[in-house]
Amino acid sequence: MPGRLALGLLGLVGAAAALGAASAGATGPGPIEVSPDGTRWAATLDGPLLDPDLRWVPGDTRTVRFHVRHHEPGEERSA
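A brief report on the enclosed structure follows. Position numbers for residues start from 1 in each chain and track the written sequence from start to end. pLDDT decides what is reported in this predicted model: residues at 70 or higher carry local features, side-chain atom pairs at 80 or more are listed and counted, and totals for whole chains, interfaces and linings draw on all residues regardless. In computing side-chain values, all of the structure's heavy atoms are included and hydrogens and water are not.

1. Describing the overall build of the protein chain
Consideration 1: Helix and strand definitions here come from DSSP, where helices need a minimum of 4 consecutive H or I residues and strands a minimum of 2 consecutive E residues; each element is numbered from the N-terminal end. For the protein chain, the count of helices and strands is one helix and three strands.
Consideration 2: When its helices and strands are written in sequence order, the protein chain yields α-β-β-β.
Consideration 3: When accessible area is computed with a 1.4 Å probe and restricted to protein chains, residues below 20% of their type maximum are described as buried, those above 50% as exposed, and intermediate ones as partly exposed. Within the protein chain, buried positions represent 6% of all 79 residues.
Consideration 4: Using the Shrake-Rupley algorithm and a 1.4 Å probe, accessible areas are obtained, with residue cover drawn only from the displayed protein chains. Carbon and sulfur atoms provide 59% of the accessible area of the protein chain, an area that totals close to 6,100 Å².

Listed below in structure tokens is the structure:
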């Protein structure tokens, strides 16, 4: 179970880093948008996915959901 948590957290950090890198190099809004609730979309999330003041201890698990979509005129899909 701790291995799954580590892999999940690693995947989440990797996805966040990829989104951050993609938006940092862009000169304008890109075709990838994210949303905390599936209704309000932007190039970045307004805040952190996890509470930065939360203390993690071995065995803790957290679940965070957010939406990602590819957004180009005439073509919308979300995952």
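Having seen the model, we can carry on.
2. Some thoughts on the pattern of salt bridges
Oppositely charged side chains are able to pair whenever their charged atoms sit close together.
Consideration 1: For this analysis, a salt bridge means a side-chain nitrogen from Lys or Arg found within 4 Å of a carboxyl oxygen belonging to Asp or Glu. Counted according to the given criterion, the structure contains four salt bridges.
Consideration 2: We note a salt bridge from Asp 46 to Arg 40, for which the minimum N-O separation is 4.0 Å.
Consideration 3: Residue classification places Asp 46 among the exposed positions, given a relative accessible area of 76%.
Consideration 4: Overall, the relative accessible area of 48% leaves Arg 40 in the partly exposed class.
Consideration 5: A salt bridge links Arg 62 to Asp 60; its shortest N-O distance comes to 3.7 Å.
Consideration 6: Classification of Arg 62 by relative accessible area gives partly exposed; the value is 34%.

3. A short note on the packing of aromatic side chains
Consideration 1: Two rings belonging to Phe, Tyr or Trp (six-membered ring only in the last case) form a pair when the distance between their centres is within 6.5 Å. Interplanar angles under 30 degrees mark stacking, angles over 60 mark edge-to-face geometry, and anything in between is tilted. One pass over the full model with this rule turns up zero aromatic pairs.
Consideration 2: In our convention, an over-ring charge means Lys NZ or Arg CZ found within 6 Å of a ring centre and within 35 degrees of that ring's normal. Over the ring of Trp 56 we find Arg 62, and its NZ or CZ is 5.1 Å from the ring centre.

4. Side note on the side chain of Glu 33
Consideration 1: Position of Glu 33 relative to the elements: it lies in strand β1 (residues 32-35).
Consideration 2: Here a polar contact is taken to be a pair of N or O atoms separated by no more than 3.5 Å, where protein atoms must pair a possible hydrogen donor with a possible acceptor and residues adjacent in sequence count only if both atoms sit in side chains. For Glu 33, the side chain forms a polar contact with the side chain of Arg 69, separated by 2.7 Å.
Consideration 3: Setting aside residues no more than four positions away along its own chain, Glu 33 makes contact with Trp 41, Ala 42, His 67, Val 68, Arg 69 and His 71. Here, residues are in contact when the closest pair of their heavy atoms is within 4.5 Å.

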